[in-house]
Amino acid sequence: MIYVVATTEVKPEHRDAYIKGAKDCVAATQKEAGCIYYDSHVSVNNPNLFVVVERWESREALDAHSRAPHMKVWRDLSAPFKASPTQIEIINPADVIKR
């Protein structure tokens, strides 16, 4: 299993357009093979900071997601809305020390 946390800060004037596009992207992604969880959230500290939390069955499923046609559409649509590039963290729970 693979976890992903992606954070994006958007320009305030594009917040509503970003939310609308994100809803479409989330809905399409949730139907992908290997997607266990995928949803977008807003930071409680910054209304323009969006956090996507993802859980995938495998790295292969995650890689397929990055190549999905709706992701290209989303990347092209959302690019002008961003205040800075998206920060993506990929987490492999097998590499985490558990106590």
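Quick caveat, the model's predicted, so the values are computed rather than measured.

Let's shift gears to the environment of Pro-85. Position of Pro-85 relative to the elements: it lies in the loop between α3 (69-78) and β4 (87-91). A C-alpha to C-alpha distance of 20 Å links Pro-85 and Leu-62, two positions 23 residues apart in sequence.

Turning our attention to a nonpolar patch on the surface. On the surface, Met-1, Ile-36 and Tyr-37 cluster together to form a nonpolar patch covering roughly 260 Å² of accessible area. As for its position among the elements, Ile-36 is in strand β2 (residues 35-42).

You can see Val-5 is positioned in strand β1 (residues 2-9). A relative accessible area of 25% means that Val-5 is categorised as partly exposed. A C-alpha to C-alpha distance of 5.9 Å links Val-5 and Ile-88, two positions 83 residues apart in sequence. Among residues more than four places away in sequence, those in contact with Val-5 are Val-51, Val-52, Gln-87, Ile-88, Glu-89 and Ile-91.

About the criteria used
- Residues numbered from 1 in each chain as written.
- Predicted model: local features only at pLDDT ≥ 70, side-chain atom pairs only at ≥ 80, totals over all residues.
- Heavy atoms only, no water.
- Helix = DSSP H or I, 4+ residues; strand = E, 2+ residues; numbered from the N terminus.
- Patch = residues over 30% accessible without salt bridge, like charges linked within 9 Å, V, L, I, M, F, W, Y side chains within 5 Å.
- Areas by Shrake-Rupley, 256 points an atom, 1.4 Å probe, with all protein chains shown as cover.
- Salt bridge = Lys/Arg side-chain N within 4 Å of Asp/Glu carboxyl O.
- Buried < 20%, exposed > 50% of the residue type's maximum accessible area, 1.4 Å probe, protein only.
- Contact = heavy atoms within 4.5 Å.

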